[in-house]
Each structure stands twice: as C-alpha cells, then as structure tokens.
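Fold and geometry: a report
Listed below, chain by chain, are the residues.
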Amino acid sequence: MAKQPAPTVRTAITPRREDDFPEWYQQVIRAAELAEPSDVRGCMVIRPWGYAIWENMQRQLDAMFKATGHKNAYFPLFIPLSYFEKEAAHVEGFAKECAVVTHSRLEVNAEGKMVPASPLAEPLVVRPTSETIIGASYAKWVQSYRDLPILVNQWANVVRWEMRPRVFLRTTEFLWQEGHTVHETETEARDETKRMLDVYEEFVRDHLAIPVFSGEKSESERFPGAVQTLCIEAMVQDRKAIQAGTSHFLGQNFSRASGIQFQTRDGKQEFGWTTSWGMSTRLVGTLIMAHADDDGLVLPPRIAQTHVVIIPISPKEETRAPVWEAADKLATELRRQTCFNLPIEVEVDRRDLGGGIKNWEWIKKGVPVRVEIGPRDLESGQVSVSRRDQPVKSKQLVAAADLAGRVPELLESIQASLLQRAQQFRDANTRVINTKEEFYDFFTPQELGKAEIHGGFALAHWSGSREIEEQVKSDLKVTIRCIPFAPANGMPNDSGICIFSGAPSPQRVVWGKSY
C-alpha cells in the first residue's frame, strides 16, 4: 500500500516561511496591519500597530542615550549641495541615492499642468544622513576644548532613493536616529564609538530578544568617509544577515571638511574628533524576520505595545454583562502590575465579533499573552491563557484570582524564551569553514533558481584582500558581515590561513548573505 503524504498543516499566513520567505514576510506585515506600500514609489505607510512598535523602540533607546549623557536636537531636512562637495568620499558614497530639490514654486503652464517655476540658486539635497549639515552647526558651537564633548542625537526621517524597495528593510524614506558627537581626543572619540555600539547590542539583545555578532566592518563596507565602522549583525529566519546598527569613528575627516576647530589646552588650534551612529525602522523588519512564525507576528514583551489582550466570549445576550464586567475587573488588576519596570499594557477586545475571529486577529498581531473569559470560566473561577511563543492551540487554565500576580513572570519567561530560541537558531546555522570548496557549497542552494533557504553565517579565515572580498561577492552575493571583537560561537580569534588564497590571516571573520 502506497504511503500517504503527511497532511498539510493549516497556518494563518500563506505561503509559509520555508516555501517563500520574501512573500511570507510581506503577508505577516499585511496580516498584522503593520505597514503598507505607499502610492509614492519606494515609500511606506506605517500603520498604528507598526508605528507603536517603533515608538517603543524610540522611547527605550532614547532613555538609554540620555543615560549615557546625550541630548536631542533637530537639524534641517535640506542640505546645500556645496556641503556634500566638501567631503569627497562621503558624497561619492551617497551620490546615487540622493534626492535633490532644484526648484521652488509651482505654476500652471499653457497646457494647464503644474510645473516647477523658480530654479534654486543652489540645489538642496534631501537629507540622506546629516554629518555635513550638523558639522556646519558644530563649527559655530565649538571654539575651545571647554566646549567639548558635544553629545547630540536627532530623531528624524531620511531619504535614500531605493531601486528595490521592501517595507521596513529598504524604503526611499525611513525613520531613524542619528547620533553625532565631537571630542577633544582620538581616544575619547574611539571610546564613544564603541560605547554606543554596546548600547545598540544591549538594546537588540535584551529588548528585542535578538542575539548579534558585534565587530568591525571591512574597509570596503565602511560608512563613506569613516575611518572605522563598527556594527552589530543579526541572523533572521532565512539565515540571512541584517545589519542592525552601526557606529562610526570619523577621525578628523568631517571636522576638516566642516571647519570644526578648537583651541587646545596648550593654546593651539586642532580639529575635533567626531563620531556618528544610527539605527532605523529597519529594526522593525529585523524583529519580524527574527521572531514571526507561520501564524503571524510574535512580539517580545519588552517591545510590545499591548502585553495582554483579554477576549470576552459571550454569544448570549444574558451573559454578556457579567462576562464584560469580569474582563474589565481583570484588566484593572493587571494594569496595577509592572514588568520590566513598566506598567503592564492591557486591552479588552469588546468588538462585536466571534471569539475565534478575535483570537486569530490577536495571534497574527503577535500579542504576547491572550486571555479568554466566558460564562463557564465565571462559573469555574478560571480563565484560559495562551502564550504567543508557544503553539497557537496550546492553552492553560489559570485561576482568575491568581492571574494578575502570575503575568509579570509569564512575560519575563516569554522574553527569555524568544531570545533563547533565536540564539539556538543562529548557533545551529553558524558554521566554522576551513576550505574554499566547503565555503562555496555552504552558500550555494541545492536547487539553483529556487528560492531555497540555505547558508547562514560562515566563520572563515580571510587575508584582508579586497580583491577576494569582491570576487566572493560577485560569485555568491556573500559579504563580510563583521570582523568580530570576541570569539564567534566559541571559536578562538586566532591567526590562520586564508581559505581563498593561502595567505596568512589574522583571524576568522563572519561571512553571510544579507538584506
């Protein structure tokens, strides 16, 4: 008798991750009502559920910045073209992505169409990043070593013309923060660069429950005009890398271009030592790809806008009032609790919809804890509790009187569970590779032409040759994600032999395909 194929498990999201990861990602965003493409090509509309995630990221990161002595400011969206021309390497790196304003005023022409009317005396670049325009202000603010350090952050939108847009990951306009600092000495600036990378690593690991490798970018991957770029790299569920945050030591390059000079302690003139560092709404996409499953979004409690949703189930009119009253009472008790030093956020779903429909909507939105309460629960004194990090059908009956006291521990458990799961996935798909043949096999799908999940992170020796780096990128679309600070996956950062050339290699580096 022929063996019957295993029945297909129905999921809320189609296609599943393993079948078509890019389309799965888009469908998770749509089902969770996070964002949608705009009518303006390459731009996105961030819907309230998605924007609330960004607001939590912003709020929590902002507190971490201020704890390290930084203050917020705001600088112009428009940057004179001449400012970019002062820093050649910088403008070359961003030239193809720049949007440029060349006219002001609109007029109606003879055909009745609106046309730009007045050419500007100097074209204005729509902010792709702010080193040059902020540098112009710092040149006025800094006169003496007594004016240093300057520790400033800005929350803003930026524009980088994107030919292949993908919601949250690559859009023409996106939201971000960019820190810009000036220091008296090179050592202080380098310390700042590393300090802010550590802040990013802590935030992504402890708040977003995503493990990262931290390290330095190779010369070819550096921020345009930087002396050194540090980064954190996350692995998402198709085994690709996402650069989750960067911190740049700019040396005196931008100070020279902008004229940021100060009188030293011995009366001489010196250029300031500067840094810049940033994170963006790309982190929302990273969060989705790292934790979501085939039933929708999965939110770590520390970043979730709603920690607990209470779903009253009362199909009969005569039981509706007592069920809703019990739901509201439970919500009040939960809101008195705290977790991660913040009040627990609770929503009671009072919509006139069936319990099953409401339950699945909250599953797709990724709320960490769902509580169902109905007439039978009132009689038994118990409620049905579901965790989003566990199979959607799994439920636990908990005494209603005990629930409020147990939820903080439950949320902490979910946060830890998601980090552990992501760590195990990354480690399982990170391989130490010692030959070129093994490297190429690792990054080559078994079925060419099919969107097959393959590869991961490869830890391999590299001699430092830019030519090899470019060849690997051309052959496999694989790049050096970082030169790690600490041993990656327990491998010692010892010297060895480059697997591509046989030349000496100072240490293993992290390779991967990326977004």
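Refer to the preceding data block for the structure.
Residues numbered from 1 in each chain as written. Predicted model: local features only at pLDDT ≥ 70, side-chain atom pairs only at ≥ 80, totals over all residues. Heavy atoms only, no water.

What about the overall build of the protein?
Assigned secondary structure in the protein consists of 14 helices and 27 strands. Over its C-alpha trace the protein gives a radius of gyration of 26 Å, about what one expects of a compact globule, namely 24 Å for 515 residues. Here the protein holds 515 residues, and the buried ones make up 51% of them. If you sum the accessible surface of the protein, you get close to 24300 Å²; carbon and sulfur atoms cover 50% of it. Each charge class in the protein can be summarised by its mean position, and for the 62 positive and 68 negative side chains these summaries are 2 Å apart. (Helix = DSSP H or I, 4+ residues; strand = E, 2+ residues; numbered from the N terminus. Rg over C-alpha atoms; globule rule 2.2 N^0.38 Å. Buried < 20%, exposed > 50% of the residue type's maximum accessible area, 1.4 Å probe, protein only. Areas by Shrake-Rupley, 256 points an atom, 1.4 Å probe, with all protein chains shown as cover. Lys, Arg positive; Asp, Glu negative; His and termini not counted. Charge placed at Lys NZ, Arg CZ, Asp CG, Glu CD.)

Here we look at the pairing of strand E20 (residues 382-387)
Taken across its six residues, E20 has five buried, putting it largely inside the fold. Pairing of strand E19 (residues 369-373) with E20, which is carried by four bridges, proceeds in the antiparallel orientation. Within E20, the position partnered with Arg 370 by the bridge is Ser 386. Both E20 and strand E21 (residues 396-399) contribute to a ladder of four bridges, which runs antiparallel. (Pairing = 2+ DSSP bridges.)

Looking at the sheet that holds strand E8 (residues 173-183)
If you trace the eleven strands from one edge of the open sheet to the other, you get E3-E7-E8-E14-E11-E10-E9-E24-E27-E23-E22, paired in mixed fashion. On the outer flanks of this sheet lie strand E3 (71-72) and strand E22 (430-432), each paired with one strand and no other. Alignment of E3 against strand E7 (residues 150-159), held across two bridges, turns out to be parallel. By the bridge assignment for E7, Lys 71 is matched with Val 152.

Focus: helix H9 (residues 317-335)
The terminal C-alpha atoms of H9 lie 28 Å apart, and with 19 residues this matches the ideal 27 Å at 1.5 Å per residue to within 8%. All of the buried residues along H9 are Thr 319, Val 323, Ala 326, Ala 327, Leu 330, Ala 331 and Leu 334. Each buried residue of H9 sits inside an arc of 140° when the element is viewed along its axis, so together they form one side. Facing away from the buried side of H9, by more than 90 degrees, are the exposed residues Ala 321, Glu 325 and Lys 329. Buried positions along H9 lie against strand E15 (308-312), strand E18 (346-348), E19, helix H11 (375-380) and helix H12 (400-428). (Expected span 1.5 Å × (residues − 1). Arc of directions from axis to C-beta. Contact = heavy atoms within 4.5 Å.)

Examining the pairing of strand E27 (residues 508-512)
Of all the five residues making up E27, five are buried; the element is thus mostly covered by neighbouring parts of the structure. The side-chain alternation of E27 yields two buried faces, one formed by Arg 508, Val 510 and Gly 512 and the other by Val 509 and Trp 511. The pairing of strand E23 (residues 457-461) with E27 spans four bridges and is antiparallel. By the bridge assignment, Ala 458 is partnered in E27 with Trp 511. With three bridges connecting them, strand E24 (residues 479-484) and E27 associate as antiparallel partners. Paired with Cys 482 across the two strands is Val 510, which belongs to E27.

With respect to unusual backbone geometry
Residues Thr 14 and Pro 15 are joined by a peptide bond in cis, for which omega reads 0°. Mapped onto the elements, Pro 15 comes out in the segment before helix H1 (21-31). Residue Pro 149 is bonded to the preceding Leu 148 through a cis peptide linkage, with omega at 0°. By the secondary structure assignment, Pro 149 is in the loop between helix H5 (131-141) and E7. Phi angles above zero are rare outside glycine, and Glu 33 is one such case at about 55°.

Notes on the sheet that holds strand E5 (residues 99-108)
Within the open sheet, the three strands sit side by side as E4-E6-E5. Their pairing is antiparallel. The sheet is open, and its two edges are formed by strand E4 (78-80) and E5, each paired on a single side. Across the sheet, the mean angle separating the axes of adjacent strands is 45° when strand polarity is ignored. For E5 and strand E6 (residues 114-126), the ladder comprises eight bridges, and the chain directions are antiparallel. Its bridge partner lying in E6, Val 100 is registered against Val 125. (Axes fitted to C-alpha atoms, helices over the stretch in contact; angles between N-to-C directions.)

Examining the nonpolar core
Grouped together as the largest cluster of nonpolar side chains are 54 residues, with contacts concentrated most on Met 57, Phe 168, Phe 203 and Ile 288. Counting only elements with at least two residues in this core, the list comes to H1, helix H2 (48-67), helix H6 (186-206), strand E10 (228-235), strand E11 (241-251), strand E14 (273-280), helix H8 (282-291) and E15. Here this core gets seven residues from one element, more than from any other, and that element is H2. In this structure Phe 168 touches Tyr 25, Ile 29, Leu 34, Ala 35, Met 44, Ile 46, Thr 281, Arg 282, Val 284, Gly 285 and Ile 288, once residues within four positions along its chain are discounted. Counting 27 residues, the second largest nonpolar core, distinct from the first, contains Ile 344, Val 369, Val 398 and Ala 404. (Core = buried A, V, L, I, M, F, W, Y, C linked by side-chain atoms within 4.5 Å.)

Here's the deal with a nonpolar patch on the surface
A surface patch of nonpolar side chains, about 320 Å² in accessible area, is lined by Leu 106, Val 108 and Met 114. On the accessibility criterion, Leu 106 (55% relative accessible area) is exposed. (Patch = residues over 30% accessible without salt bridge, like charges linked within 9 Å, V, L, I, M, F, W, Y side chains within 5 Å. Salt bridge = Lys/Arg side-chain N within 4 Å of Asp/Glu carboxyl O.)

Considerations on the packing of H2 against H6
Look at H2 against H6: their axes get within 11 Å of each other, and the N-to-C directions meet at 140°. Accordingly, the angle class assigned to the pair H2 and H6 is oblique. Remark: the crossing between H2 and H6 carries right-handed chirality. Packed against H2, whose contacting residues are Met 57, Gln 60, Leu 61, Met 64 and Phe 65, the element H6 presents Met 196, Val 199, Tyr 200, Glu 202 and Phe 203 at the interface. Here the contact of H2 with H6 is composed, by residue class, of eight nonpolar, one polar and one charged. (Parallel < 35°, antiparallel > 145°, perpendicular 65-115°, else oblique. Left-handed = near helix turned anticlockwise from the far one by under 90°. Nonpolar A, V, L, I, M, F, W, Y, C, P; charged D, E, K, R; others polar.)

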